[in-house]
Amino acid sequence: MIDQDRIIKVDIEKEMKTSYIDYSMSVIVSRALPDVRDGFKPVQRRILYAMMNIGNTHDKAYMKSARTVGEVLGKYHPHGDSSIYGALTRMAQDWNLRYPLVDGQGNFGSIDGDSPAAMRYTESRMSLMGETMMLDLDKETVDMQNNFDDKLKEPTVLPTRIPNFLVNGATGIAVGMATNVPTHNLSEVIDGCVAYIDNPEIDVEGLMEHIKAPDFPTGAFIMGLQGVRSAYETGHGRIILRAKTEIENGPQHDTIVVNEIPYGVNKAELIKDIARLVNEKRIEGISDVNDESDREGMRIVIEVKRDANANVLLNKLFKMTALQSSFAVNCVGLVHGRPKVLSLKDCIRTFVDHRHEVVIRRTKYDLRKAQERAHILEGLIIASDNIDEVVRLIRASKTPAEAIEALKKRFELDDIQAKAIVDMRLAQLTNIQQDKLHQEYEELERKIDYYNRILTDDELCRQVMKDELNEVKEKYGDVRRTEIKLSAEEFNPEDFYADDEVIITISHLGYIKRTPLAEFRAQGRGGVGSRGGTTRDADFIEYIYPATMHNTMLFFTAKGRCYWLKVYELPEGAKNAKGRAIQNMLNIEADDSVNAFLYIKKLNDPEFNKSHYVVFCTAEGIIKKTCLEEYSRPRTNGVKAITIREEDRVVSVVLTNGQDELVIANRNGRAIRFNEDAVRTMGRVSTGVRGIRLDEDGEDQAVGMVCINDPEKETIMVVSDQGFGKRSAIEDYRKTNRGGKGVKTLQLTDKTGKVAAIKSVTDDNDLMIINRSGITLRLKVADVRVMGRATQGVKLINLTKRNDSISSVCVVTTEDEDAEALDATTEAVDAPITSDAPETTIETSEQIDN
């Protein structure tokens, strides 16, 4: 029966719930989350309180940290010495706290992640900032509670004059919740508190005029304020931090120097990560990484290889390493013992309310003490005014108690006053001491009046609070360490690619790639070229365009749709690589294909978009002009660029400035020149008007259109199917109105074939020619002399295969190499080439092994 009486039956589910909730609240309230009023967890508060009680202040000698840990462990925090010492060392680390509250001596760890030395080796004491947290604690400003064994008292909160919750931040993981508050600049936070005291209705935007963003002890940059604003408004936000770096240009190579790193980043681990990425060849261009940090500051030196771009490399490091990282703000703290998500205004309001309560309670304490002293002084003054009689009464009394009763009866005093008179020393009977009594009483009267006014006048109370806050700012405030960059938080992809020139090739079956322009080296006119792409048997390179990596490419399909891609988004490949199917990159219909494009540098510039136009030319000779602004908003699925009639297709698209001249050529060797203003501006989905009248043989069609910007420098280059071409002066083509048949631009024969392409060129250009078998030739335009428009031209490329023909032609900027330099991947052979054109022979050519 006895054993049965000891067993209490409970519902296991209810017991588990109750026990877990009790445990959770204990962790939340008593261990992991800080109080918003003083920004302290219990262990941190107990450490400072214990240090003050044992006199371990900034003006005294250091004490062993083990002494402090033992004091805290034995009296206030029975949770193990490691948790206490961990909290103590963190309060001394200037890379963790913006304003350390403990002054440590010895090894307290490092930003490299080194652990502090054992507590028996290190010494510590309170810093001045730590002592400021304790001011007025002895004036009944905060509630006291029993310690764990009810033998001592400890404060429930500190009467701090420092808004420590924001200034030094907080981090902690409780049960079901966590907190992560960034550090801030003391001067800015105090300015924000003063602004709130002046105007309690101030909003977050108003507070951010004073508290611009967090200020981390490790400095670095905050990238953009969007995450900061979100954190301040909601208590949750993501702040992007970026290391402070500089590029030093040396005689041999560049060097990236890191002077400050984001908050919370382990410097040693950061260097290891960079080395690992280099070893794994995920980042190329780094030859060495050294840590040259010393007492003067941080200095991580990254050696850049001679042929690497330091700016591009730095942006890759930002993307792939902790040189750029994020701080996830989760502003959770205890308000009246309950966890709460706090906005910036909530944090400041809670602190200001706490300071208001501290000032009121301190003032009441000071008032009480002043009134008590004034009451005693009233009795002493009465005694000094009647000193002879007081002496007589005391001498006549047998005991002190009898003397007290005699004084009370004679001068109508109370016990406190009478006892003070009896305890008065003889030295106070002098005239000087009597004058001091009157002066002290008058001073106390002024203080009592001042204290009463503080308690009754809320405006004066607020002024006292502001004065004390400004005093702290004057004493401890400093300049901001973390700089703010008002740029976008996300990486700009262009930062990872140098704006190099590339050649974009598109095959007949729709395979696309970009290749560095340097891979296509200049050859002599009339050469056979080098292989420009490996394609399937039924495929061949159809289009070839020049661009730079930062250009925005506008793809126009034969059916008149427009798509967008950045050049760096295209797959990179060697000049003999196949590339990637456009259909896998753009949402193009199965029966459609890309056959024209523009590359534009300033697509995000509204002024540029409004002042430039996109002009279309179709195979049926239709022309249409639309403002570039209509194509400046990229969409994943593309947009309709022009309405195409049946059996027609887009053959050419050019960008104009509204005052250019246009030249359209057809297959049958004619070209028409007219001013751009002859074509009115139309909407994006319009059809257009006639640009050139075609022959009615059923085979004629427009092959291309060029835009003339400078007639004095530019010439018209026409290339035929069989590799013949020529240059003619612009003035050889008389201006007419649009819609005419035009004039002869090339003398067509069976040997030349029909017109394949028309281009606008200068002597500073190179011509890229590619035929259907995949052979590419790059030649200098200056090597082709200007001749009449009615001639058949000269041989530009030698077609070695039967039924081969020209596939595509494009114009690129000339390179500084010798015009007859041979490509390293080709084999030179002597193969004289003859032509019926005025210029007939070339001594050297290149043969490709197919």
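Residues numbered from 1 in each chain as written. Predicted model: local features only at pLDDT ≥ 70, side-chain atom pairs only at ≥ 80, totals over all residues. Heavy atoms only, no water.

Per an unreviewed UniProt entry, the recorded name for the chain is DNA gyrase subunit A, and the organism is Alloprevotella tannerae ATCC 51259. UniProt, in its Sequence similarities (unreviewed entry) section for the chain, records the words "Belongs to the type II topoisomerase GyrA/ParC subunit family." (UniProt positions renumbered as here; feature names shortened; annotations may be inferred.)

Draft legend 1. Examining the pattern of salt bridges more closely. Inspection of every chain in the model, using the stated rule, returns 56 salt bridges. The shortest N-O distance in the salt bridge between Lys17 and Glu13 comes to 3.6 Å. Of this pair, Lys17 and Glu13 both sit in helix H2 (residues 12–32), four residues apart, which is roughly one turn of that helix. Lys244 is the partner of Glu483 in a salt bridge, and the nearest nitrogen-oxygen pair spans 2.8 Å. One end of the pair, Glu483, is in strand E17 (residues 483–485); the other, Lys244, is in strand E10 (residues 244–249), and 239 residues separate them in sequence. (Salt bridge = Lys/Arg side-chain N within 4 Å of Asp/Glu carboxyl O. Helix = DSSP H or I, 4+ residues; strand = E, 2+ residues; numbered from the N terminus.)

Draft legend 2. Geometry of the sheet that holds strand E29 (residues 650–656). Read from one edge to the other, the open sheet built from four strands follows the order E29-E26-E27-E32, with strand pairing classed as antiparallel. The open sheet is flanked by E29 and strand E32 (689–690), the only strands paired with a single partner. Strand direction decides the pairing type here: strand E26 (residues 613–618) and E29, joined by six bridges, are antiparallel. Bridging from a neighbouring strand, Phe616 pairs with Val653 of E29. (Pairing = 2+ DSSP bridges.)

Draft legend 3. Representation of the side chain of Thr68 within the structure. Among the secondary structure elements, Thr68 is positioned in helix H4 (residues 65–75). Classification of Thr68 as buried rests on a relative accessible area of 0%. There is a polar contact of 3.4 Å between the side chain of Thr68 and the side chain of Asn56. Apart from residues no more than four positions distant in its own chain, Thr68 is found in contact with Ile47, Met51, Ile54, Asn56, Leu88 and Ser124. (Buried < 20%, exposed > 50% of the residue type's maximum accessible area, 1.4 Å probe, protein only. Polar contact = N/O pair within 3.5 Å; in protein donor to acceptor, adjacent residues only side chain to side chain. Contact = heavy atoms within 4.5 Å.)

Draft legend 4. Here's a closer look at the domain arrangement of the chain. The domain architecture assigned to the chain consists of domain 1 (244–322), domain 2 (373–456) and domain 3 (497–522 + 537–601). For domain 2 and domain 3, the distance between their C-alpha centres works out to 102 Å. (Domains from an automatic or database assignment.)

Draft legend 5. Representation of the sheet that holds strand E1 (residues 63–64) in the model. Spatial strand order, E1-E3-E2: three strands in an open sheet with antiparallel pairing. Both edges of this open sheet fall to E1 and strand E2 (102–105), since each of them pairs with a single strand only. Pairing between E1 and strand E3 (residues 123–126): two bridges, direction antiparallel. Bridge assignment links Met63 to a residue of E3, and that residue is Ser124. Against the sheet, helix H3 (residues 42–53) engages E2 and E3, with an angle of about 90° to E3. (Axes fitted to C-alpha atoms, helices over the stretch in contact; angles between N-to-C directions.)

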